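Reading the structure
Each chain, letter by letter, is given below.
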Amino acid sequence: MTPIPNRTIYLACDGFGQDLLNAVKTHLEQNHHVKVEDLGCDTYYDAAAHVSKAITKTHPKDGTSTSTSTSTNDERGEKLGMLFCGTGMGVGIVANKFAGIRAAPCENVTAARCARAVNDSNVLCIGQLVTEPEAAKKIVDEFLSQKFISQPHGEDGKPLSWWNGGVEQFLSTSMEGVTRVEQEALDQGIPKVSS
């Protein structure tokens, strides 16, 4: 794996995801050049909150919140999260309540690649009850190696056929659109948790 400077991975789980978190943590420490911070085991909603708050903390260099930045994860000191529960869905639902969090439950490598390539996802959610440890390690590897607005590949390693210049053009401004819609929701009184 190519090292990514200043990349921190925050991990947390509920009781259904503890063993998978441990397997992925060991895998990250042994195979990736990243800083790993294990935020522990808690309820699924508190685990999601711990990781989301860690990611959305104020950026130390310029005082701006990383959650409101329209720059991609790859353009700044990257903070990513990984959450583990029974299915990956509960932690993902709660994490997405935090401004600036783009949590994606992924059950295969294609979903993990697309979560990063299309959505610039910053939190990977995996379910221990539906994902074996070896499959989870592959999902993690692909999540970490895929770049935003970069053609993802399928399970067979071939580039996905639907990717084209129009997709890339759309994605080049999509994070601004996401930020705008998020702000509109806040302005309309739709509650969004901020850290």
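Here the structure is shown first, and the text comes after it.
Presented here is an overview of the structure given in this document. (Residues numbered from 1 in each chain as written. Predicted model: local features only at pLDDT ≥ 70, side-chain atom pairs only at ≥ 80, totals over all residues. Heavy atoms only, no water.)

Focus on unusual backbone geometry
- The phi torsion at Asp-120 lies on the positive side, around 50°, for a residue other than glycine.
- For Asp-120, the position within the fold is in the loop between helix H4 (109–119) and strand S5 (123–127).
- The class for Asp-120 is buried, based on a relative accessible area of 1%.
- Although it is not a glycine, Ile-149 sits at a positive phi angle of roughly 55°.
- Of note, Ile-149 is situated in the loop between helix H5 (133–145) and helix H6 (165–171).
- The class for Ile-149 is partly exposed, based on a relative accessible area of 27%. (Helix = DSSP H or I, 4+ residues; strand = E, 2+ residues; numbered from the N terminus. Buried < 20%, exposed > 50% of the residue type's maximum accessible area, 1.4 Å probe, protein only.)

Notes on H4
- Of all eleven residues in H4, eight are buried, a share of seventy percent or more.
- Among the residues of H4, Val-109, Thr-110, Ala-112, Arg-113, Cys-114, Ala-115, Arg-116 and Ala-117 are the ones counted as buried.
- Against the buried residues of H4 lie strand S3 (79–85), strand S4 (103–105), H5 and H6.
- The opening residue of H4 is Asn-108, an N-cap whose side-chain oxygen sits 3.1 Å from the backbone nitrogen of Thr-110.
- Directly beyond the C-terminal end of H4, a positive phi value near 50° is found at Asp-120. (Contact = heavy atoms within 4.5 Å. Polar contact = N/O pair within 3.5 Å; in protein donor to acceptor, adjacent residues only side chain to side chain.)

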